[in-house]
Number of protein chains: 2
Amino acid sequence: MIAKINLKEQGLTETTPRLAVLKAMEANTAQHMSADDVYRYLLERDRPLPMSTVYRVLAQFEQAGIVERHSFDAERTKQVYELKDSEHHDHMICIKCRSVHEFLDPQIESRQIEIVENLGFSLTDHSLNLYGICAGCDRKDAQSEEAIKQ
Amino acid sequence: MIAKINLKEQGLTETTPRLAVLKAMEANTAQHMSADDVYRYLLERDRPLPMSTVYRVLAQFEQAGIVERHSFDAERTKQVYELKDSEHHDHMICIKCRSVHEFLDPQIESRQIEIVENLGFSLTDHSLNLYGICAGCDRKDAQSEEAIKQ
DNA sequence: ATACGAATGCGAATCAGTCGCAATACCATT
DNA sequence: AATGGTATTGCGACTGATTCGCATTCGTAT
Ligand SMILES: [Mn+2]
Ligand SMILES: [Mn+2]
Ligand SMILES: [Zn+2]
Ligand SMILES: [Zn+2]
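Quick notes on the rules
Residues numbered from 1 in each chain as written. Chains lettered and ligands numbered in written order. Predicted model: local features only at pLDDT ≥ 70, side-chain atom pairs only at ≥ 80, totals over all residues. Heavy atoms only, no water. Donors = N, O, S within 2.8 Å, 3.2 Å for Na, K, Ca; no water. Tetrahedral: all angles 85-135°; square planar, octahedral: opposite > 155°, others 65-115°. Buried < 20%, exposed > 50% of the residue type's maximum accessible area, 1.4 Å probe, protein only. Least-squares fit on C-alpha atoms with pLDDT ≥ 70 in both. Helix = DSSP H or I, 4+ residues; strand = E, 2+ residues; numbered from the N terminus. Contact = heavy atoms within 4.5 Å. Pairing = 2+ DSSP bridges. Axes fitted to C-alpha atoms, helices over the stretch in contact; angles between N-to-C directions.

Undergrad: Help me understand the coordination of the zinc ion (ligand 3), please; the structure alone is not making it clear to me.
TA: In an ideal octahedron of six donors the angles at the metal are 90 or 180 degrees, and in an ideal tetrahedron of four donors they are 109.5 degrees. Residues and elements named next belong to chain A. Here the zinc ion (ligand 3) is held by Cys94 (SG), Cys97 (SG), Cys134 (SG) and Cys137 (SG), and the distances to it run 2.2 to 2.4 Å. Of note is the zinc ion (ligand 3), whose four donor atoms meet at the metal with angles of 104 to 117° in an arrangement that counts as tetrahedral. As a motif over one chain, the donors of the zinc ion (ligand 3) read C-x2-C-x36-C-x2-C. Per residue, the accessibility class of Cys134 equals that of Cys137, and both read buried.

And the structure:
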């Protein structure tokens, strides 16, 4: 399901830092990784890379279309990256546990295009983030409320 | 159309800085204001406020539900604020001229709720930003392309 | 007018991310 | 395999946006 990414095919020479960051991303497809996550992953499991290089390589990857950058978290500004090999999707973020659920809704996707067309606007990109409380946290909330009542 | 905002009703004492920031926001409902925009507006038209106070007051307003904070601009992290007296709406941002168009689509709004309900998630907030090129910039683009051909 | 807590002004600090530049690594060519 | 020129890296310094600490001042209820 994950297409093997070849740096050369993306117009990037294969250097040690780039391969390391790519490996870090491929080893963590289940999560959205901050630059710091990548940094720490490499520090622990591979060889350390300076943060500036991590950022630089991620920026190169973003330009090459290998990764996508998001900023969830309406308050904080920390950015996260994910490999772009899967299909486009939007995100649902739990404001309690920070977990992120991915989804794709064809109705919303196509409606967006209709909206912009009606305004002579051409769409290049979009970001839809839903914020709320996930099923797991909701359950925990209910439990602790009950506990307080005792 | 703009409901007069009363600080006391929002649980905030009426201090000079707070009234000044509120006036700045009310005088600029047509745009989304950065903290710096507010700072400069007050510097020029009113009395100067330190940036830290501008930020603090905007944060207080956000908590009180008087303003809403957004971060458009997928790359940069600069945040902007707008008075929350109008109805909820989403944003369409021109990546050329940075102009922002506001819209509200009932279909998308209700679809979002359906999506989260199906997942036992409870929705507290959302942000939908469409990025692209506005009609005006599109026209200018076409013109300059023609000019190059000559 | 007084007193107390809340809010402000000031500058220092933080935080994420970027930049300049000398040292190094790639890679095509001998 | 050595060479050379370019692209990339490592390092630290730097930036811009935002936040914090704390002494001072303001707002409000006596
Ligand atoms: Mn994702
Ligand atoms: Mn708006
Ligand atoms: Zn959760
Ligand atoms: Zn435009």
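Undergrad: What's the story with the relation of the copies chain B and chain A in this structure? I'm lost.
TA: Here two copies of a chain appear, and what relates them is a rotation about an axis with a shift along it. For these two chains of identical sequence, chain B goes onto chain A by a turn of 180° and a shift of 0.0 Å along the axis, with RMSD 0.1 Å. Both copies of the chain, as the preceding transformation shows, are related through a two-fold rotation axis. When each C-alpha of chain B is compared by its distance to the rotation axis, Leu128 of chain B comes out closest, at 2.2 Å.

Undergrad: Which parts of the structure should I look at to understand the environment of Leu42 of chain A?
TA: Residues and elements named next belong to chain A. Checked against the element boundaries, Leu42 lands in helix 2 (residues 35-45). By relative accessible area, Leu42 is classed as buried at 0%. With 58 residues separating them along the chain, Leu42 and Val100 place their C-alpha atoms 23 Å apart. Dropping the residues within four chain positions of it, Leu42 is found in contact with Ala20, Val21, Ala24, Arg47, Pro48 and Leu49.

Undergrad: Is there a simple way to explain the sheet that holds strand 1 (residues 33-34) of chain A in this structure?
TA: Working definition: the strands of a sheet are paired by backbone hydrogen bonds and lie parallel or antiparallel to each other. Residues and elements named next belong to chain A. Taken in spatial order, the three strands line up as 1-3-2 in an open sheet, and their pairing is antiparallel. What marks the edges here is a single partner per strand, and that holds for strand 1 and strand 2 (67-70). On top of the sheet, helix 1 (residues 16-26) reaches strand 1, strand 2 and strand 3 (80-83); it is set at about 85° to strand 3, its chief contact.

Undergrad: Can you help me understand the coordination of the manganese ion (ligand 2) in this one?
TA: Residue and element names in this part refer to chain B. Taken together, His32 (NE2), Glu82 (OE), Glu82 (OE), His89 (NE2), His91 (NE2) and Glu102 (OE) make up the full set of protein donors to the manganese ion (ligand 2), lying 2.1 to 2.4 Å away. Considered as a linear motif, the donors of the manganese ion (ligand 2) on their single chain read H-x49-E-x6-H-x1-H-x10-E. Here Glu102 lies in strand 5 (residues 100-103) and His91 lies in strand 4 (residues 90-94), a separation of eleven residues in the sequence. Since its relative accessible area comes to 36%, Glu102 is described here as partly exposed.

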